[in-house]
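Reading the structure
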Amino acid sequence: MNIPGSDVYLNGEWLPRGEARVSAFDRGFIFGDGIYEVIPVYNRKPFLMDRHLERMVDNLAKVKIPDPHGGVEGWAKLVQALVDRQAFENQKLYIQITRGAAPRLHSFPDKAEPTVFMFTDEMMILSDERAKEGFKGVTMPDFRWLRGDIKSISLLAAVLGSEHARQHDATELIFIREGIVTEGASSNVLICKDGQLSSPVTDRRILPGVTVSLAEEVAAKVGMPVEHRDIAEGELRAADEVMITSSGKEIVAIVSLDGKPVGDGKSGPAFAKLWDGYREASGVRG
Ligand code: PDD
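Cut-off values and rules
Residues numbered from 1 in each chain as written. Predicted model: local features only at pLDDT ≥ 70, side-chain atom pairs only at ≥ 80, totals over all residues. Heavy atoms only, no water. UniProt positions renumbered as here; feature names shortened; annotations may be inferred. Helix = DSSP H or I, 4+ residues; strand = E, 2+ residues; numbered from the N terminus. Rg over C-alpha atoms; globule rule 2.2 N^0.38 Å. Buried < 20%, exposed > 50% of the residue type's maximum accessible area, 1.4 Å probe, protein only. Contact = heavy atoms within 4.5 Å. Areas by Shrake-Rupley, 256 points an atom, 1.4 Å probe, with all protein chains shown as cover. Lys, Arg positive; Asp, Glu negative; His and termini not counted. Charge placed at Lys NZ, Arg CZ, Asp CG, Glu CD. Phe/Tyr/Trp six-rings, centres within 6.5 Å; stacked < 30°, edge-to-face > 60°. Lys NZ or Arg CZ within 6 Å of the ring centre and 35° of its normal. Near = heavy atom within 4 Å. Polar contact = N/O pair within 3.5 Å; in protein donor to acceptor, adjacent residues only side chain to side chain. Core = buried A, V, L, I, M, F, W, Y, C linked by side-chain atoms within 4.5 Å. 1 Å grid on protein atoms, 1.4 Å probe; cavity = no way out; pocket = protein on both sides within 12 Å on 5 of 7 lines; lining within 4 Å. Points joined across faces, edges and corners; volume = space filled by probe spheres on them. Nonpolar A, V, L, I, M, F, W, Y, C, P; charged D, E, K, R; others polar. Salt bridge = Lys/Arg side-chain N within 4 Å of Asp/Glu carboxyl O.

With an unreviewed UniProt entry as reference, the protein is termed Aminodeoxychorismate lyase, source organism Candidatus Amphirhobacter heronislandensis. As stated in UniProt under Sequence similarities (unreviewed entry), the record for the protein gives "Belongs to the class-IV pyridoxal-phosphate-dependent aminotransferase family." What the UniProt record of the protein gives under Cofactor (unreviewed entry) is the line "pyridoxal 5'-phosphate".

On to the overall build of the protein, then. When helices and strands are tallied, the protein shows eight helices and 15 strands. Against the compact-globule benchmark of 19 Å for 286 residues, the protein has a radius of gyration of 19 Å, which places it among compact chains. Dimensions of the protein, computed from the C-alpha atoms along their principal axes, are close to 55 × 40 × 35 Å. Classification of the 286 residues of the protein by burial places 50% in the buried group. Long-range pairs, those at least 24 residues apart, make up 71% of the contacts in the protein between residues at least 6 apart in sequence. About 13600 Å² of surface is accessible on the protein, with carbon and sulfur atoms providing 55% of the total. Averaging the coordinates of the 35 positive side-chain charges in the protein and doing the same for the 42 negative ones gives two points 2 Å apart.

Before going further, it helps to examine unusual backbone geometry. For Asn11, which is not glycine, the phi dihedral falls at a positive 45 degrees. Assignment of secondary structure puts Asn11 in the loop between strand S1 (7-10) and strand S2 (13-16). In this structure Asn11 comes out as partly exposed when scored by relative accessible area, which is 44%. Within the chain, Asn43 stands out as a residue other than glycine whose phi angle is a positive 50 degrees. Mapped onto the secondary structure, Asn43 falls in the loop between strand S3 (34-42) and strand S4 (45-46).

With that out of the way, let us pick up the packing of aromatic side chains. Considering all chains together, one arrives at nine aromatic pairs under this definition. Both rings, one in Tyr42 and one in Phe47, keep their centres 5.2 Å apart while their planes meet at 75 degrees; by these two values the pair is edge-to-face. Take Phe47: its relative accessible area is 10%, and that puts it in the buried class. Through pairs of rings, three or more aromatic residues link up here, namely Tyr36, Tyr94, Phe117 and Phe119. The lysine or arginine in question, Arg130, covers the ring of Phe135, its NZ or CZ lying 3.9 Å from the ring centre.

The environment of the ligand is formed by 19 residues, the closest being Tyr36, Glu183, Val210, Thr211 and Ser247. A distance of 2.7 Å is found between a nitrogen atom of the ligand and a side-chain nitrogen or oxygen belonging to Glu183. Isolated, the ligand exposes 470 Å² of accessible area, and the fraction of that covered by the protein chains is 87%. Counting residues per element, the ones that place at least two in the shell around the ligand are S3, helix H2 (49-62), strand S9 (180-184), helix H6 (210-221) and strand S13 (241-246).

This part covers the nonpolar core. Within the largest apolar cluster, 25 residues are counted, with the highest numbers of intra-cluster contacts made by Tyr42, Leu190, Leu197, Met243, Phe271 and Leu274. When residues of this core are traced back to their parent elements, those giving at least two are strand S10 (188-193), H6, strand S14 (250-257) and helix H8 (269-282). Apart from the residues within four sequence positions on either side, Phe271 is in contact with Ala131, Lys132, Glu241, Met243, Ile251, Val252 and Ala253. Counting 22 residues, the second largest nonpolar core, distinct from the first, contains Leu78, Leu82, Val83 and Val116.

Our focus in this paragraph is empty space enclosed by the protein. Using the criterion set out here, one finds three cavities of 30 Å³ or more in the structure. Roughly 40 Å³ of volume is contained in the largest cavity. If you trace the largest cavity, you find it lined by Asp240, Glu241, Val242, Met243, Ala253, Ile254, Val255, Val262, Lys266, Ser267, Gly268 and Phe271. Contributions of two or more residues to the lining of the largest cavity are made by S13 and S14. Residue composition of the lining of the largest cavity, by class: seven nonpolar, two polar and three charged.

Before going further, it helps to spend a moment on the pattern of salt bridges. Between side chains of opposite charge, a pair can form as their charged atoms come close. In this structure the tally under the stated criterion is 26 salt bridges. Between Asp128 and Arg285 there is a salt bridge, and its shortest N-O distance comes to 2.8 Å. On the criterion of sequence distance, the pair formed by Asp128 in helix H4 (residues 128-133) and Arg285 in the segment after H8 is long-range, its members being 157 residues apart. With relative accessibility at 45%, the residue Arg285 sits in the partly exposed group. The partner of Arg130 in a salt bridge is Glu133, and the shortest N-O contact between them spans 3.3 Å. Of this pair, Arg130 and Glu133 both sit in helix H4, three residues apart, which is roughly one turn of the helix. Overall, the relative accessible area of 52% leaves Glu133 in the exposed class. Among the charged side chains, a salt-bridge network with shared partners connects Asp58, Lys62, Arg147 and Asp149.

Below you can see the structure in the form of C-alpha cells.
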C-alpha cells in the first residue's frame, strides 16, 4: 500500500520505505557495482537537476550500465514524480542504479536488469547565523581509488574518512593525496587567500561537483573568479578561508582544521558572498 509522504521508487514500483526489497545477489550489494546521485530539492523543485542528471547519465556510460530510462528527460519525469509524493518542501533526493542481480562473477553478467532505487529525505536548511559560525574539518591522506570522477556506490573510504571526522567532532574530512588537496569525503573544497578563490583541478582524482559549479558562478558574478589548480597541503593550512560544497551540505565554512583555526577562526567575506548567492539561487533561507 502506498503511504503518501514516504514512498520510495524501486524498479518501477512505488513502495512504503520499509517494503522495498532487492535480491541479496544484487551486484550493488555483492560488489558495490553501481553509481548514485544526490539532488537537493527546494520548494519541491529539484535544484540544478539537469546538471545532476547529465552527470549521472555520464556515470552510467563510464561504468557501462545500460541507462534504464534513456537519458535525462526520462529521469527528470521520475525525479519530479518522486518529489511530488513526499510530505517535505525541501528534500535530499537519492538515486542509485546498480548492474542488477546475477550469479557472483566479477565480470559483467550476460543477463541482468539494472536495479533502480530512489528515495528522498527531508533537507534541513541552516540559519544564516549558524552557517556563519562555521564548522570543524580534519584531514587524512587520500587512500581512495583513482577514479574519483565516478560517483560509485563503493564508498568505504568515504565512510571511514567521515567516521574519522565524526570521532574528531568535525563536519567533514578533507583528503590530501601526496601533498595535494583533492576533495572532502563527500564534498568539494574551495580555499580563499588574499581574496583569490581556488579549487582543485577537476580531473579523475575528484568528482565534478554540481554545487561547486554553482559556487563558481556566484563567485564570478561578485568579481571573485575561482581558479582551478593544484592546492598544496601547506596552502590549505595557510588559507584565510576554507569551504566545502555538496548537494547535502550546501556551502560550509571550515573554521578549524585539525584543531587549528583557519585564518582568524571565523567564517570570512568570501564565504558570506557564496552563502548569500547560494541561498538566493536556491530560493530558500533557514
Ligand atoms: N556527495 N565529492 C564527493 C566525493 C562527493 O561525494 C560529493 C557529493 C561531492 C559534491 O558533489 P555535488 O556538489 O554535486 O553534490 C564531491 C553526495 C552529496 C553524497 O555522497 O551524499
